[in-house]
Amino acid sequence: MDMSIIIPAHNESDYIGRTLDSLKVYAGLEVVVVADDCRDATSVIARRAGVRVEQVAYGNAAQAKNRGFEVLEGRGNVMFLDADTTVPPDLLYPIDRIMHCNGVSGKVAVEPDNQSKGANAYYNWVNFCSWLSHHTTKVHSSLTNGAGACMFGSYDVLDEIRTEREYLFDPTVEMFEDQELIAQLHKKGRFDFVNIPGLRVTTSTRRFDQEGFWGRFLKDWVQLAGFKKERLNVR
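As the structure is a computational prediction, the values presented were derived from the model and not from experiment.

Novice: What is the right way to look at the pairing of strand β2 (residues 30-36) in this model?
Specialist: In summary, the side chains of a regular strand alternate between the two faces of the sheet. Across the seven residues that make up β2, a large majority, seven, are buried. Bridge count between strand β1 (residues 3-9) and β2: six bridges; the pairing is parallel. In the sheet register, I7 faces β2, and the bridge partner there is V33. Traced from β1 through helix α1 (residues 16-21) to β2, the parallel crossover comes out right-handed.

Novice: Explain the sheet that holds strand β5 (residues 85-86) to me, please; I cannot follow it from the model alone.
Specialist: Think of a sheet as strands paired side by side through backbone hydrogen bonds, with each pair either parallel or antiparallel. Taking strand neighbours across the sheet as the criterion, the three strands line up as β5-β10-β7 in an open arrangement whose pairing is mixed. This sheet does not close on itself; its edge strands, each paired only once, are β5 and β7 (110-112).

Novice: Which parts of the structure should I look at to understand the packing of aromatic side chains?
Specialist: Two measures describe an aromatic ring pair: the distance that separates the ring centres and the angle between the ring planes. Taken as a whole and assessed by the stated rule, the structure comprises six aromatic pairs. Measuring from centroid to centroid gives 5.1 Å for Y26 and Y93, while their planes differ by 50 degrees, and the two rings are tilted. Taken together, the residues span a long stretch of sequence, with Y26 in the loop between α1 and β2 and Y93 in helix α4 (residues 92-102) at a distance of 67 residues. By relative accessible area, Y93 is classed as partly exposed at 33%. These aromatic residues form a ring-pair network of at least three members: W125, F128 and W131.

Novice: It is not clear to me how helix α3 (residues 61-70) should be interpreted in this structure. Could you clarify?
Specialist: Working note: α-helix, 3.6 residues per turn, so residues spaced by three or four point in the same direction. Along α3, the residues that are buried comprise A62, A64, K65, N66, G68 and F69. The inward-facing, buried residues of α3 abut β1, β2, β4 (77-81), α6 (155-165) and α7 (177-188).

Novice: Would you take a moment to explain the packing of α6 against α7 for this structure?
Specialist: A pair of packed helices is captured by two measures, namely the crossing angle of their axes and the spacing between those axes. At their nearest, the axes of α6 and α7 sit 11 Å apart, and the two run at 105 degrees to each other. Looking at the two axes, α6 sits roughly perpendicular to α7. Contacts between α6 and α7 involve V157, L158, E160, I161, E164 and R165 from the first element and E180, L181, Q184, L185 and K188 from the second. For the contact of α6 with α7, the class distribution of residues is five nonpolar, one polar and five charged.

Novice: Teacher, can you tell me more about the nonpolar core here?
Specialist: When a protein is soluble and globular, its nonpolar side chains tend to lie buried together. Within the largest apolar cluster, 37 residues are counted, with the highest numbers of intra-cluster contacts made by I5, I7, L20, L23, L91 and L92. Of all the elements in the fold, those that place two or more residues in this core are β1, α1, β2, β4, α4, α5 (117-136) and β8 (150-154). Those residues in contact with I7 that lie beyond four places of it in its chain are I16, T19, L20, L23, V31, V32, V33, V34, L81, D82 and A83. Grouped together as the second largest cluster of nonpolar side chains are 22 residues, V32, A64, M151 and Y155 included.

Novice: Explain the sheet that holds β4 here, please?
Specialist: Taken together, the seven strands give an open sheet; going across it, the order is β3-β2-β1-β4-β8-β6-β9, and neighbouring strands pair in mixed fashion. Where the open sheet ends on each side, the last strands, each with one partner, are β3 (52-56) and β9 (191-194). Taking each pair of neighbouring strands and ignoring which way they run, the sheet shows an average axis angle of 20 degrees. Relative to β2, α3 is tilted by about 145 degrees, and along the sheet it contacts β1, β2, β3 and β4. Across the sheet, α7 touches β6 (105-108), β8 and β9, and the angle it forms with β8 is around 35 degrees.

Novice: Hey, could you run me through a nonpolar patch on the surface in this one?
Specialist: Together, F128, W131 and L132 make up an exposed nonpolar region whose accessible area comes to about 290 Å². Its place among the elements puts W131 in helix α5. Assessed through its relative accessible area of 44%, W131 is described here as partly exposed.

Rules behind the numbers
Residues numbered from 1 in each chain as written. Predicted model: local features only at pLDDT ≥ 70, side-chain atom pairs only at ≥ 80, totals over all residues. Heavy atoms only, no water. Buried < 20%, exposed > 50% of the residue type's maximum accessible area, 1.4 Å probe, protein only. Helix = DSSP H or I, 4+ residues; strand = E, 2+ residues; numbered from the N terminus. Pairing = 2+ DSSP bridges. Right-handed = clockwise from strand over helix to strand, strands pointing away. Phe/Tyr/Trp six-rings, centres within 6.5 Å; stacked < 30°, edge-to-face > 60°. Contact = heavy atoms within 4.5 Å. Axes fitted to C-alpha atoms, helices over the stretch in contact; angles between N-to-C directions. Parallel < 35°, antiparallel > 145°, perpendicular 65-115°, else oblique. Nonpolar A, V, L, I, M, F, W, Y, C, P; charged D, E, K, R; others polar. Core = buried A, V, L, I, M, F, W, Y, C linked by side-chain atoms within 4.5 Å. Patch = residues over 30% accessible without salt bridge, like charges linked within 9 Å, V, L, I, M, F, W, Y side chains within 5 Å. Areas by Shrake-Rupley, 256 points an atom, 1.4 Å probe, with all protein chains shown as cover. Salt bridge = Lys/Arg side-chain N within 4 Å of Asp/Glu carboxyl O.

What follows is the structure in structure tokens.
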């Protein structure tokens, strides 16, 4: 499998181990953990897992992801994976085949590691937003929404975006940097939302557990509204 995985991480010692463990079933992966201003054991755990670790001090997810892309040795398919998100054992092979055959980019549906009714309701809503934005982006490339915990694209397309504007993820964006890039990928061609039962990635509900359904829901929309107001000029 010709795929590289970039995992940005900021103080993720509680989660990075299980994320990397979920990738061990796949042979031939290039995995790069970008430890961004970590003050915990994130780097130690990642090195023990046998993956490449880049230590930086950006304090910015977009810059951390850009650094991961810069140091890749592989030139095939690329996946950006959140450090608190695990991958099922059958997900990457079909994605790899689809990308080689069709050259598509995309993102994967998420499910919570906490199977409470509230968490399931919230993440079903997140997946619905991803499905809806798959259609609204046909109207305008900036009308994208939903979680980007697991995104993928071909190296060539991603590098083309980086070359055109001198960065891949916009380093001026402190939140929703994944959605800004998704808007760019939509303009480059087909972008899919992979939502197949049994092939969703599992993400941590730590923010949901702290804020609850309505707290998380309302905070998402307040933050997203501010982001969209600034980004509606994307063409």
